[in-house]
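# Remarks on the overall topology
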Amino acid sequence: MSLPTTPQPLHGTRILSLALNLPGPAALLRCVRMGGECTKIEPLAPTGHASADPMGLYSPLAYAALHPGVRVLQAQLKTPEGQAVLQAELARTDVLITSFRPSALAKLGLGWDTLQAHHPRLSLVRIVGAAGSRAEEPGHDLTYLAEAGLITGTEMPPTLYADMGGALMASEAVLQALLERARTGRGVCIEVALADAAAWLAQPRDWRLTTPDGDVGGKHAGYRIYPCADGRVAVAALEPHFAARLCAAAGLPAFGDADMLRAPATHQSVAGFMRTQTRAQLDALAIAQDIPLHTLA
């Protein structure tokens, strides 16, 4: 039996991106995977380099991973020649993705009112750092995570949450824009703020799910990271039936009751059990007893 094919909701849709760095190209890659015909215009590459996108300069690996299936053009948009390239592309584009500040868009003739006047069916997905009146403020993933309360201590985050979350929101906005145009016949402008992406990702913390007194923040003994005999193990036995199996394996009464799993004595017993088990033993336990866990070096 053949596997189901991935839906291609953007088949036949032309998407143009002027967005550099990470969020815009990541959003465009999502659009490629949904079947969109995707083009990106970059500035002229400096001598000795293939791309002027900062990502291509400081992380060629990331740049290469983000551009399969993307038609890349190079043009200096501040020149008449570059504007000619841009306008030719806009004439055949359904959705434009940008990551410039609003003032920079206006200088390029890409303010929303101007675009609407010349291309009434064109939609604009405008990626900014922060929404509304703050769109001119400088910032990066790290500052948006800090604002959302997602930075603890001085350790750097393990990934670029705001950028990648913003990319998902931007690709979602492409779909929203096309659905709205199908309803009204006109394009729309949707602003996607990376600060809003960070705030969205922070909501479980705001709801106290992931704070130390929350069941997925360490309060529940079945949802913790424990040292084991030769590494670590991330245990996610949160639901009562999983928690009951974990307790049984640790030599505790197999109730899976949440109050019991929050008790300090239960934490101590589960931690003590984990310290006696190797990663291989825990992997085997997960399979044999259907317990969600993942071992780590």
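Residues numbered from 1 in each chain as written. Predicted model: local features only at pLDDT ≥ 70, side-chain atom pairs only at ≥ 80, totals over all residues. Heavy atoms only, no water.

## Some remarks on the side chain of T211
We count it as follows: Secondary structure counts use DSSP, requiring at least four H or I residues in a row for a helix and at least two E residues in a row for a strand, with both numbered from the N terminus. Only protein chains enter the accessibility calculation, which uses a 1.4 Å probe; a residue is then buried when its area is under 20% of its type maximum, exposed when over 50%, and partly exposed in between. Contact criterion: two residues are considered in contact whenever any of their non-hydrogen atoms come within 4.5 Å of each other.
Considering the arrangement of structural elements, one finds T211 in the loop between α10 (203-206) and α11 (215-219). What makes T211 buried here is its relative accessible area of 12%. Among residues more than four places away in sequence, those in contact with T211 are R205 and G217.

## With respect to helix α15 (residues 279-289)
What counts is decided by this rule: When we speak of the arc, we mean the arc of directions from the helix axis to the C-beta atoms.
Three or more residues of α15 are buried, namely L282, L285 and A286. Projected onto a plane normal to the axis of α15, the buried residues spread over an arc of 100° and lie on a single side. α15 presents A280, I287 and A288 as exposed residues on the side facing more than 90 degrees away from its buried surface. Buried residues along α15 sit against β7 (223-228), β8 (231-236), α12 (240-249), α14 (264-275) and β9 (293-296). Trailing α15 by a residue or two, D290 shows a phi angle of about 55°, which is positive.

## Overview of α12
Taken residue by residue, α12 has F242, A243, A244, L246 and C247 as its buried positions. Each element contacted by the buried residues of α12 is listed here: β8, α13 (258-262) and α14. Looking one or two places after α12, you find G251, whose phi comes out positive at around 80°.

## Comments concerning the pattern of salt bridges
Applicable threshold: Every case where a carboxyl oxygen of Asp or Glu lies within 4 Å of a side-chain nitrogen of Lys or Arg is listed as a salt bridge.
What the rule picks out here adds up to 16 salt bridges. Salt-bridge contacts for R71 lead to E89; the nearest nitrogen and oxygen are separated by 3.0 Å. On the criterion of sequence distance, the pair formed by R71 in strand β3 (residues 71-74) and E89 in helix α4 (residues 80-90) is long-range, its members being 18 residues apart. Residue classification places E89 among the buried positions, given a relative accessible area of 7%. Through salt bridges with shared partners, one network takes in R14, E37, R71, E89 and R92.

## What about the state of the cysteines?
Stated formally: When two cysteine sulfur atoms are found within 2.5 Å, that pair is recorded as a disulfide.
The full count for this structure, using the stated rule, is zero disulfides. C247 provides the cysteine sulfur closest to C228, a residue in no disulfide bond, and the two sulfurs are 18 Å apart.

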